[in-house]
Amino acid sequence: SRFTPMRDNRFSVVDFDGSDDTIQTSAHDTLADATYTFWAKSDVTGANGGLFGHGGVTQSSFHFNYFGATGGARFFIGGNYFKKWDIDEQDDGQWHHYAIIADADSIADTKLYVDGVEQTASLTDSSGSPDAFTQSLTIGSDATSGNEWEGSIAQFAVYSDLKDSDFVYAQWSKGITVDYSNGTNLSAYYRMGDDTSAVYPTIADSSSNSNDGTITN
């Protein structure tokens, strides 16, 4: 991983190489309702790894092009307990805003927004049940190591409640440079280098919760 300062645009990103790059945090270590928002881009049209997770594929993990040929995006809360959306943005090489409204008790009520617009699920598997987390939030993989994701991420935030469509649209419409640090129910917020209170390999948590992340590569 590496910081990529985008000084003209006033934001920073971390690039993940899909091999061994992750950010391990101490945030969100127990299965519970959450909203994840972030900006990401990738041009990987084949199989890609987990963009984030909590110990493995079945523990609240989000994927682009899961198993390659199936494409789109998937969010797992448990084994045989996931939702799939046939989006196109996941591998077009452009920046997009994503929001996952993760209802810990109901995969049916879990939602994905891309660029402020709620997406229609193409598949919902509710035959399983939620899986407890085995680790805190990892960014760049669905676990501490293995199944790494390739692409770039900026402005990764986690909230402890289920945000509504107005919140998601407002956050997207403000763009990639906005500061989320005063957000309500903000559990963790990673500005990927814009917060200068920490230096590499630490990624500062810009919320008030001190859940700093550590880059490994």
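Because the structure is a prediction, the values reported are computed rather than measured. (Residues numbered from 1 in each chain as written. Predicted model: local features only at pLDDT ≥ 70, side-chain atom pairs only at ≥ 80, totals over all residues. Heavy atoms only, no water.)

**Focus: the overall build of the protein**
On a plain count of helices and strands, the protein comes out with one helix and 17 strands. At 15 Å, the protein has a C-alpha radius of gyration in line with the 17 Å of a compact globule built from 217 residues. Taken along its principal axes, the extent of the C-alpha atoms in the protein is 45 × 35 × 30 Å. For the protein, buried positions account for 53% of its 217 residues. Once local pairs closer than 6 in sequence are excluded, the contacts in the protein between residues at least 24 apart make up 65%. Accessible surface for the protein amounts to roughly 8900 Å². Of this, 44% is attributable to carbon and sulfur atoms. (Helix = DSSP H or I, 4+ residues; strand = E, 2+ residues; numbered from the N terminus. Rg over C-alpha atoms; globule rule 2.2 N^0.38 Å. Buried < 20%, exposed > 50% of the residue type's maximum accessible area, 1.4 Å probe, protein only. Contact = heavy atoms within 4.5 Å. Areas by Shrake-Rupley, 256 points an atom, 1.4 Å probe, with all protein chains shown as cover.)

**Some details on the pattern of salt bridges**
In total, this model carries three salt bridges according to the counting rule given. Taking the shortest distance from any N to any O, the salt bridge between Asp 161 and Lys 163 comes out at 3.3 Å. (Salt bridge = Lys/Arg side-chain N within 4 Å of Asp/Glu carboxyl O.)

**Thoughts on the layout of surface pockets**
Its volume calculated, the largest pocket comes out at about 150 Å³. Around the largest pocket, the lining comprises 11 residues; the ones closest to its centre are Lys 41, Ser 42, Asp 43, Gly 151 and Ser 152. Contributions of two or more residues to the lining of the largest pocket are made by strand 2 (11-17) and strand 14 (150-159). In terms of residue count, the dominant contributor to the lining of the largest pocket is strand 14 (three residues). (1 Å grid on protein atoms, 1.4 Å probe; cavity = no way out; pocket = protein on both sides within 12 Å on 5 of 7 lines; lining within 4 Å. Points joined across faces, edges and corners; volume = space filled by probe spheres on them.)

**A closer look at the nonpolar core**
Among the nonpolar cores identified, the biggest contains 36 residues, and Tyr 36, Phe 38, Leu 51, Phe 52, Phe 62, Ile 153 and Phe 156 are the most heavily contacted of them. Top contributing element to this core by residue count: strand 4 (residues 34-41), with four residues. Discounting residues that sit within four places of it in the chain, Phe 156 has contacts with Tyr 36, Thr 37, Phe 38, Leu 51, Phe 52, Leu 137, Ile 139, Ala 188, Tyr 189, Tyr 190 and Met 192. (Core = buried A, V, L, I, M, F, W, Y, C linked by side-chain atoms within 4.5 Å.)

**What about the environment of Ala 121?**
Within the element layout of this structure, Ala 121 appears in strand 12 (residues 121-125). Owing to a relative accessible area of 29%, Ala 121 belongs among the partly exposed residues under this scheme. Taking the C-alpha atoms as reference, Ala 121 lies 13 Å from Gly 71; in sequence the two are 50 residues apart. Not counting chain neighbours up to four residues away, the residues in contact with Ala 121 comprise Lys 83, Lys 84 and Trp 85.

**Description of the side chain of His 97**
Structurally, the position occupied by His 97 is in strand 9 (residues 96-102). On the accessibility criterion, His 97 (0% relative accessible area) is buried. Within polar-contact distance, the side chain of His 97 engages the side chain of Gln 171 at 2.7 Å. The contact partners of His 97, leaving out residues within four places of it in the chain, are Thr 37, Phe 38, Trp 39, Tyr 113, Val 114, Asp 115, Val 168, Gln 171, Trp 172 and Tyr 180. (Polar contact = N/O pair within 3.5 Å; in protein donor to acceptor, adjacent residues only side chain to side chain.)

**Some points on empty space enclosed by the protein**
The probe, sized like a water molecule, is rolled over the atoms to show the empty space still left. Across all of its chains, the model carries one cavity of 30 Å³ or more by this definition. There is about 40 Å³ of room inside the largest cavity. Here the lining of the largest cavity is composed, by residue class, of eight nonpolar, two polar and no charged. (Nonpolar A, V, L, I, M, F, W, Y, C, P; charged D, E, K, R; others polar.)

**Details of the pairing of strand 4**
Burial runs high along strand 4: seven of the eight residues are buried. One ladder, built from seven bridges, connects strand 4 with strand 9; its direction is antiparallel. Following the sheet pairing, Ala 40 is matched in strand 9 by His 96. Where strand 4 lies against strand 14, six bridges are found, and the strand directions are antiparallel. If you follow Thr 37 over to strand 14, its bridge partner there is Ala 157. (Pairing = 2+ DSSP bridges.)

**So, the side chain of Thr 25**
Locating Thr 25 in the fold gives a position in the loop between strand 3 (22-24) and strand 4. What makes Thr 25 buried here is its relative accessible area of 5%. For Thr 25, the side chain forms a polar contact with the main-chain nitrogen of Ala 27, separated by 3.1 Å.

**A short note on a negative patch on the surface**
On the surface, a cluster of negative charge is contributed by Asp 17, Asp 20, Asp 43 and Glu 150. Inspection of the secondary structure puts Asp 43 in the loop between strand 4 and strand 5 (50-53). You can call Asp 43 exposed: its relative accessible area is 58%. (Patch = residues over 30% accessible without salt bridge, like charges linked within 9 Å, V, L, I, M, F, W, Y side chains within 5 Å. Lys, Arg positive; Asp, Glu negative; His and termini not counted. Charge placed at Lys NZ, Arg CZ, Asp CG, Glu CD.)

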